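The residues making up each chain are set out below.
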Amino acid sequence: MKRKLIALDLDGTTLNNDAALSPTTIKTIQQVAAAGHIVSIVTGRPNRISQQFYDQLGLKTPMINFNGSLGHLPHKHWDKEYQYTFNREIVFDLMQHQREFDVEAMASEGKTLFLANQTKSLVYGFFPSALTKQQVLTRQSLQQNPTSLTIALKRDAQPRFIAYVHEHYGDQVDVNSWGGPNSVIEMGAKGIQKAVGVEFLAHLYDIKREDVIAFDDEQNDNDMIEYAGTGVAMKNATAHLKAIANDETAYTNEEDGLADYLQKAFHLEKTFTA
């Protein structure tokens, strides 16, 4: 079999509903990598809360974070690393409108950057329950342009917030709303999406687009599924993503659907139990 590039989203895809890797998933991904295929994590998560999964899987390939805005080799200095950022003045302006848009928390991030503020303790998992003095987001503490801005706000304020960003900064940043129960918006540099990271990896390893297999579950990840020669939607994916995908897993992320698909596609020893 020709060498494949396998791009893995994390939440709702590679991770189960407890945001953990199952033993079956770990073993299956390691088998695929040992067979010579390129397996890479391509996630919207920052590296600070995805690197543990990279290490659990024993990956040595680059990891793509912040929806394509950061490509790097964890634990190593790498001369091919890239990072897209946007003007920090956008963050300062939105900070001034936090009360107007019912913003509960805001995190400005990059590979080595994490600054946040919050008006109440949140249990989203993404935002820490408490901040140190060095982590508090202010005009003085944010000294570099961020790669990502993540905002937790009341659900009914989302349309107004998104409209404001589009009107004032639509030529500089893209805005996406998370799926799921939490009302969270994320912002990144204009035009940078997961497909940017997958294309970077394909060129790096000289793998043709037709030999790219990508797994995902959310419709704001359309670009990665459309870029891949084989875009695979999880059984638990949104209806829109399933409509544009080339294939679908037989099982959900909670049922090791990714592992089952890979075992069948690469003729691996069956370790899956529904």
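Residues numbered from 1 in each chain as written. Predicted model: local features only at pLDDT ≥ 70, side-chain atom pairs only at ≥ 80, totals over all residues. Heavy atoms only, no water.

Draft legend 1. Highlighting the overall build of the chain. Within the chain one finds 9 helices and 13 strands. Taken over the C-alpha trace, the chain has a radius of gyration of 19 Å; the compact-globule value for 274 residues is 19 Å, and the two agree within 12%. Over its C-alpha atoms, taken along the principal directions, the chain stretches across nearly 55 × 40 × 35 Å. Residue pairs at least 24 apart in sequence account for 56% of intrachain contacts in the chain once pairs closer than 6 positions are excluded. On the chain, roughly 12,400 Å² of surface is accessible, and the fraction owed to carbon and sulfur atoms is 47%. (Helix = DSSP H or I, 4+ residues; strand = E, 2+ residues; numbered from the N terminus. Rg over C-alpha atoms; globule rule 2.2 N^0.38 Å. Contact = heavy atoms within 4.5 Å. Areas by Shrake-Rupley, 256 points an atom, 1.4 Å probe, with all protein chains shown as cover.)

Draft legend 2. Broad picture of the environment of R45. Within the secondary structure layout, R45 lies in the loop between β2 (38–41) and α3 (51–57). Classification of R45 as buried rests on a relative accessible area of 14%. For the pair R45 and I64, spaced 19 residues apart in sequence, the C-alpha separation works out to 9.1 Å. Separated by 2.6 Å, the side chain of R45 and the backbone oxygen of I49 make a polar contact. (Buried < 20%, exposed > 50% of the residue type's maximum accessible area, 1.4 Å probe, protein only. Polar contact = N/O pair within 3.5 Å; in protein donor to acceptor, adjacent residues only side chain to side chain.)

Draft legend 3. Local environment of helix α2 (residues 23–34). Compared with the 16 Å implied by 1.5 Å per residue over 12 residues, the 16 Å span of α2 between its first and last C-alpha is a close match. Looking only at α2, the buried set comprises T24, T25, I26, T28, I29 and V32. Here the buried face of α2 lies against β1 (5–8), α1 (10–14), β2, α3 and α9 (257–265). (Expected span 1.5 Å × (residues − 1).)

Draft legend 4. Representation of the sheet that holds strand β12 (residues 230–233) within the structure. The 5 strands lie next to each other as β2-β1-β11-β12-β13, forming an open sheet whose pairing is parallel. Because the sheet does not close on itself, it has two edges, and the strands there are β2 and β13 (247–248). Here β12 runs beside β13; their pairing, made up of 2 bridges, is parallel. Bridge assignment links V232 to a residue of β13, and that residue is D247. Against the sheet, α9 engages β1, β11 (212–216), β12 and β13, with an angle of about 160° to β11. (Pairing = 2+ DSSP bridges. Axes fitted to C-alpha atoms, helices over the stretch in contact; angles between N-to-C directions.)

Draft legend 5. View of the packing of aromatic side chains. Taken as a whole and judged by the stated rule, the model has 6 aromatic pairs. On the basis of an interplanar angle of 55° and a centroid distance of 5.5 Å, the ring pair of F101 and Y164 is categorised as tilted. Placement of the pair is F101 in the loop between α4 (88–96) and β6 (103–110) and Y164 in helix α5 (residues 158–169), with a sequence separation of 63 residues. Among the residues examined, F101 registers a relative accessible area of 3% and is labelled buried. For Y164, a relative accessible area of 13% corresponds to the buried category. (Phe/Tyr/Trp six-rings, centres within 6.5 Å; stacked < 30°, edge-to-face > 60°.)

Draft legend 6. View of the environment of I64. Checked against the element boundaries, I64 lands in strand β3 (residues 63–65). Exposure remark for I64: the relative accessible area of 0% places this residue in the buried category. Along the sequence, I64 and Q140 sit 76 residues apart, while their C-alpha atoms lie 29 Å from each other. Not counting the four nearest positions on each side in its chain, I64 is found in contact with I41, V42, T43, L70, G71, Y82, G197, F200 and L201.

Draft legend 7. Focus on the environment of T85. In this fold, T85 is placed in the loop between β5 (82–83) and α4. Once the C-alpha coordinates of T85 and Q219 are considered, the two residues, 134 residues apart in sequence, prove to be 23 Å apart. With sequence-adjacent residues up to four places away left out, T85 is seen in contact with N145, P146, T147 and A189.

Draft legend 8. The arrangement of the pairing of β6 in detail. Most of β6 is tucked away: 8 of the 8 residues are buried. Across 6 bridges, the pairing between β6 and strand β8 (residues 148–153) is antiparallel. Across the sheet, the residue bridging to S108 is L149, located in β8. Sheet topology places β6 next to strand β7 (residues 113–118); 6 bridges connect them, and they run antiparallel. Its bridge partner lying in β7, M106 is registered against N117. Count of turn residues in the β6/β7 antiparallel hairpin: 2 residues.

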